[in-house]
Amino acid sequence: HGNAADCGLLRERFIQICERFQVNVFGYDYSGYGEASGSPSEKNTYADIVAAYEYIAKFCTDPKKQLILYGQSVGSGPSVKLASSKKYPVSGLILHSPIMSGIRVLMENRGVLRCCDLYPNIDRIKRVGCPVLVIHGTSDLEVGFNHGLNIQSAVPSSFKTEPCWVEGGGHN
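For clarity, every value in this text was computed on a predicted model and none was experimentally measured. (Residues numbered from 1 in each chain as written. Predicted model: local features only at pLDDT ≥ 70, side-chain atom pairs only at ≥ 80, totals over all residues. Heavy atoms only, no water.)

(A) Region of interest: the pairing of strand β2 (residues 92-96). Counting buried residues in β2 gives four out of five residues, a clear majority hidden from the surface. Across four bridges, the pairing between β2 and strand β3 (residues 132-137) is parallel. Within β3, the residue paired with Ile94 across the bridge is Leu133. (Buried < 20%, exposed > 50% of the residue type's maximum accessible area, 1.4 Å probe, protein only. Helix = DSSP H or I, 4+ residues; strand = E, 2+ residues; numbered from the N terminus. Pairing = 2+ DSSP bridges.)

(B) View of the side chain of His147. Relative to the helices and strands, His147 is located in helix α7 (residues 145-154). Among the polar contacts listed, one links the side chain of His147 to the backbone oxygen of Arg104, at a separation of 3.2 Å. Beyond its immediate chain neighbours, meaning those up to four positions away, His147 contacts Pro98, Ile99, Met100, Ser101, Arg104, Val105 and His136. (Polar contact = N/O pair within 3.5 Å; in protein donor to acceptor, adjacent residues only side chain to side chain. Contact = heavy atoms within 4.5 Å.)

(C) Region of interest: the sheet that holds strand β4 (residues 164-166). Spatially, β1-β2-β3-β4 is the arrangement adopted by the four strands of the open sheet, whose pairing is parallel. If you trace the sheet from one side to the other, it starts and ends with β1 (68-72) and β4, each paired once. Geometrically, the sheet is characterised by an average inter-axis angle of 10° between neighbouring strands, direction not taken into account. In this structure, β3 lies alongside β4, joined through three bridges in parallel fashion. Looking at β4, one finds that Ile135 is bridged to Cys164. Contacting β2, β3 and β4, α7 runs over the sheet at an angle of about 165° to β3. (Axes fitted to C-alpha atoms, helices over the stretch in contact; angles between N-to-C directions.)

(D) Region of the structure containing the environment of Pro156. Tracing the backbone shows Pro156 in the loop between α7 and β4. The exposure class assigned to Pro156 is buried, which follows from its relative accessible area of 18%. The spacing of Pro156 and Pro131 is 25 residues in sequence and 9.1 Å in space, taken between C-alpha atoms. Not counting the four nearest positions on each side in its chain, Pro156 is found in contact with Ile125, Lys126 and Val128.

(E) Spotlight on the packing of aromatic side chains. Summed over all chains, the structure comprises six aromatic pairs. Where Tyr28 meets Tyr30, the ring centres are 5.6 Å apart and the plane angle is 90°; that geometry is what we call edge-to-face. Since its relative accessible area comes to 5%, Tyr30 is described here as buried. What links up through ring pairs into an aromatic cluster is the set Phe26, Tyr55 and Phe59. (Phe/Tyr/Trp six-rings, centres within 6.5 Å; stacked < 30°, edge-to-face > 60°.)

Take it as geometry only, folks, not as evidence of what the structure does.
Below, the structure written as structure tokens:
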């Protein structure tokens, strides 16, 4: 999920996805969000998604065959990092209003701040090993539409799918 949400707020969306697409949804909160203990940090979000992945692999299904990651906004960071790792194969990646990177939400060019940029999705997306669907509203005021366009352009051609541009759509 994104920065301003937790699993409690997304409960109804999860139910709709399950019913409409006849799939199971495994939602988890990042450290410091919702009922999760700990404190929010980039490092902790990566540890959280790995823990969720390992739980699913052990108790639920084969992630390489049946796990599709979904990352929205800031939540695209942990999802892209996991999907770009050969250690954690998944069958797909959905990015909803993804960010190119944390710094690039604030300014177009990272410049000298590249060294301390959070969630460098624009660099990592080039290493994904699964199909990628990018969804972005053309009128997103929180994360500019150019983020979705640039992420889509950077996806390896063998894993690109037709993007879903929501004309007049906002962030959510």
